Structure formats: C-alpha cells, structure tokens
Amino acid sequence: MAPGLVETATGKKPRVVALGQPIHIGEEYLSSFRGEFDYSFLPAYNHEEAHKLIPEDIAEHGPIDAFIIRMGTPPYEPFDNDMFKPMLSQCKVVTSASAGYNEFPVEWLASQGVWFCNSVDAVAEATADMAMFLTLGVLRNTSNAEKSLRAGNFRSTPGLSPARDPSGLTLGIVGLGAIGKYLAKKALAFNMKIRYYNRHQLPAEEEAKYNATYCSSLQELLGSSDVVSLNCPLNEQTTGLIGEAEFAAMKDGVFVVNTARGAVIDEKALIAALESGKVARAGLDVFCNEPKIDPYFFTSDKVVAQPHLGGLTDVAFHKAEKECFENIRAFFRTGRPNSPVIEIKKQ
C-alpha cells in the first residue's frame, strides 16, 4: 500500500474499473497507478454491454471502489440509476472525463453517498478554441465563403466582402468559468472587448487578468454585446436560458456562438431570430437532441456548424483521462476528490 493511501474495508488496494479502455493516458502513467490501485477496464462500448458486464465483473472480481467513464459517452447513454446500482455496496467515487454532466444521475449518486466528478480543465481550452473558431467563422462568414469557392465562384458571391472584423467588437461571455476564461484570453488577442455574466461576480484581480467587465444581469450583457458566447453548464437553471425574450434583448445583427449544450438555447427561438435577421449568424458546436439535429441547421446559410467536436482533441483526451485517475487518487489519499460536482458531507 502506497504511503498516505486510504485502505478499503478489506485492507486491499482499492479496486478501480474503467468503462472501456482508456487509450490516451499512456502505459507509463497506468503502471504508476497500478502501484496504488487494483486497476482494470471493462470491454464494454455501449449501453447494453455496460449493463451486462458491470454486474458480471463484480460477481467475478468483487466490489468496485471507484469507477471511471472515459470520453465519448453517447454510446453508453442513458446513464440510468440501474447502471450504477450494482456498484453501490462499496463504490465511493465515479469520475467522468467529460466537462458536462447533465447525462449522469449526479444528485441520485450523491444521495447514495457516491461522489461524482467531472473534468474541470481538461477540455476547457480545446472548447474555448472551438468557441473562438466559431466566433471568427461567423464574423468572416466562412461556411458560405468555402461553399462559394468549391462551387467555382472566386469572391463573386454576394455577402462575403466586406466581412466583420473582431477588433473593437464586444464579446459577451455567458459563464466565465474555465472555458469562458480561456475564451476571454484568446479573444483579447483579437482586440475584442470582454463582458461577462455569472451568477456571482469574480474578484477584481480575476477580472483584471482577462480585462473583463461584469454585467449584473443577463439582459445587460445581451444588450451590450456584438457577439454572445454561451459557455455555461446545462442544468435546470440554464435549460432554455436563451429564448424569445433574450433574443429580443440582443443588438440587431448580433452573432451567437454556442459551445455549451444545445438545450441552453430554445432552438425554435434561435431559428426565428436568424430568419428575422435579429441574429446575423450563429456558430454552433452543440444542438438539442444530438445526433438527431433539426434539418434547418444543415441548410441555413446563416449557420456555421460543427458536430460537437469542441473538447475532442488529442491533448484534451489525455488531460481528461488523467483528471479521472487523479480524482480517484485524491479521494483515497484525502477523503475528497479534486473536482466533485456535489459535495458530500461526512456522516
């Protein structure tokens, strides 16, 4: 047993199981991790296989103390309570490589005394890169420019020139968390002015790092921004956060970027705002009901679209898997993981 490591009730190494094989963390790291933990992975790669193999693994190898969910969750969804119930006799922490956690029964797990952790920084910069890419994309009308060129039209398609320059424009960030901060830093390089809306204002020294001005209400931010970027988590409070009233509060000809979750925006209201010209163009990496996306977004020349690729880079995958393992390490050393979604009070 490694120094400082909390033993399980049996006095053995804590048993850690990953859902599918983590392939980005690297064997050198896993070798070190195995020195402290009894680590294995389940060869399950969809919802049905996970439901079948989890109880079989427990029956053959004993209780699971910690559970890891890699990047790429859609094949396993829905993550219902029944998927986790076989682990509850001993499992104390579940870690996910994803930044978002709306697809997991986080509150139910907490009610069962199980910590749930998301990745906080792993995909943040990659997602911010996507938000910046989409910001430039909507300002420069890149989708239509590429379509025009591929059709054999060299700068002859109306509306491509002059494009909008980011310099001097105000970028309004809804949610200045890890992703929002990376985005603000990148936008400053394009001489954009930064405004943000959070539930709570950041300390002055944090605001100074990003030259960011706080808006005390969402409407204040929407009404003063040339580009609105959504970077907040999806939860009960943010579902449908941007609807008819919010679009009405925006400047005419505003640009909207969403790399958060599709359901943060009322898509019918967005389509109406695009068709009316209230929103000049939208840059979207996320949609409602993925992968069954509203066909409007495939055909509209007012949309720059990506298939939810924001955090999916090689570096982000490595960081995300490492955060999963380090959350478990922290829990068994200190009694608390690094990035819990809900704090669990000791009984």
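Everything here concerns the structure above.
Parameters at a glance
- Residues numbered from 1 in each chain as written.
- Predicted model: local features only at pLDDT ≥ 70, side-chain atom pairs only at ≥ 80, totals over all residues.
- Heavy atoms only, no water.
- Helix = DSSP H or I, 4+ residues; strand = E, 2+ residues; numbered from the N terminus.
- Rg over C-alpha atoms; globule rule 2.2 N^0.38 Å.
- Buried < 20%, exposed > 50% of the residue type's maximum accessible area, 1.4 Å probe, protein only.
- Contact = heavy atoms within 4.5 Å.
- Lys, Arg positive; Asp, Glu negative; His and termini not counted.
- Charge placed at Lys NZ, Arg CZ, Asp CG, Glu CD.
- Pairing = 2+ DSSP bridges.
- Axes fitted to C-alpha atoms, helices over the stretch in contact; angles between N-to-C directions.
- Core = buried A, V, L, I, M, F, W, Y, C linked by side-chain atoms within 4.5 Å.
- Polar contact = N/O pair within 3.5 Å; in protein donor to acceptor, adjacent residues only side chain to side chain.
- 1 Å grid on protein atoms, 1.4 Å probe; cavity = no way out; pocket = protein on both sides within 12 Å on 5 of 7 lines; lining within 4 Å.
- Points joined across faces, edges and corners; volume = space filled by probe spheres on them.
- Nonpolar A, V, L, I, M, F, W, Y, C, P; charged D, E, K, R; others polar.

## As for the overall build of the protein chain
Okay, so step 1: The number of helices and strands found in the protein chain is 13 helices and 12 strands.
Okay, so step 2: Taking 2.2 N^0.38 as the reference for a compact globule, 347 residues should give roughly 20 Å; the C-alpha atoms of the protein chain span a radius of gyration of 22 Å, in line with that estimate.
Okay, so step 3: The C-alpha extent of the protein chain, read off along each of the three principal axes, is 70 × 45 × 35 Å.
Okay, so step 4: Looking at the protein chain as a whole, 51% of its 347 residues are labelled buried.
Okay, so step 5: Counting contacts in the protein chain only where the partners sit at least 6 residues apart, residues at least 24 apart contribute 67% of the total.
Okay, so step 6: Between the centroid of the 34 positive side chains of the protein chain and the centroid of its 42 negative side chains there is a distance of 4 Å.

## A few points about the sheet that holds strand S9 (residues 227–230)
Okay, so step 1: In space, the seven strands of this open sheet follow the order S8-S7-S6-S9-S10-S11-S12, with parallel pairing throughout. Looking at the sheet topology across the chains shown, the edges are occupied by strand S8 (212–214) and strand S12 (303–305). Direction aside, neighbouring strands of the sheet carry axes that sit 20° apart on average.
Okay, so step 2: Strand direction decides the pairing type here: strand S11 (residues 279–284) and S12, joined by three bridges, are parallel. Within S12, the position partnered with Gly 283 by the bridge is Val 304.
Okay, so step 3: Contacts from helix H11 (residues 267–276) reach S11 and S12 within the one sheet, and its direction differs from that of S11 by about 135°.

## Notes on the sheet that holds strand S2 (residues 38–42)
Okay, so step 1: Sheet architecture is open: five strands sit in the order S2-S1-S3-S4-S5, paired in parallel fashion. Two strands in the sheet have a free side with no partner beyond their single neighbour: S2 and strand S5 (115–117). In this sheet, adjacent strand axes meet at a mean angle of 15° when their direction is disregarded.
Okay, so step 2: Pairing of strand S3 (residues 66–69) with strand S4 (residues 93–96) involves four bridges; the strand directions are parallel. Across the sheet, residue Ala 66 finds its bridge partner in S4, namely Val 93.

## So, the nonpolar core
Okay, so step 1: Within the largest apolar cluster, 31 residues are counted, with the highest numbers of intra-cluster contacts made by Val 174, Ile 242, Phe 247, Leu 270 and Phe 297.
Okay, so step 2: Elements with a contribution of two residues or more to this core: helix H9 (218–223), S9, strand S10 (254–258), H11, S11 and helix H12 (296–299).
Okay, so step 3: In terms of residue count, the dominant contributor to this core is H11 (five residues).
Okay, so step 4: Sequence-distant contacts of Phe 247, that is, excluding residues within four places in its chain, are made with Ile 242, Val 256, Ile 265, Asp 266, Ala 269, Leu 270, Ala 273, Lys 278 and Val 279.

## Comments concerning the environment of Glu 27
Okay, so step 1: With respect to the helices and strands, Glu 27 occurs in helix H1 (residues 27–34).
Okay, so step 2: Side chain to side chain, Glu 27 and Arg 34 meet in a polar contact 2.7 Å long.

## Looking at the environment of Gly 20
Okay, so step 1: Its place among the elements puts Gly 20 in the loop between strand S1 (15–19) and H1.
Okay, so step 2: Spatially, the C-alpha atom of Gly 20 lies 6.0 Å from that of Tyr 45, the residues being 25 residues apart in sequence.

## Points about the layout of surface pockets
Okay, so step 1: When its volume is computed, the second largest pocket comes out at roughly 320 Å³.
Okay, so step 2: Arg 140, Ala 145, Arg 155, Leu 160 and Ser 161 are, among the 14 residues lining the second largest pocket, the residues nearest its centre.
Okay, so step 3: Considering every element that reaches the lining of the second largest pocket, the biggest residue donor is helix H6 (residues 142–150), with three residues.
Okay, so step 4: Looking at the lining of the second largest pocket residue by residue, the classes come out as six nonpolar, four polar and four charged.

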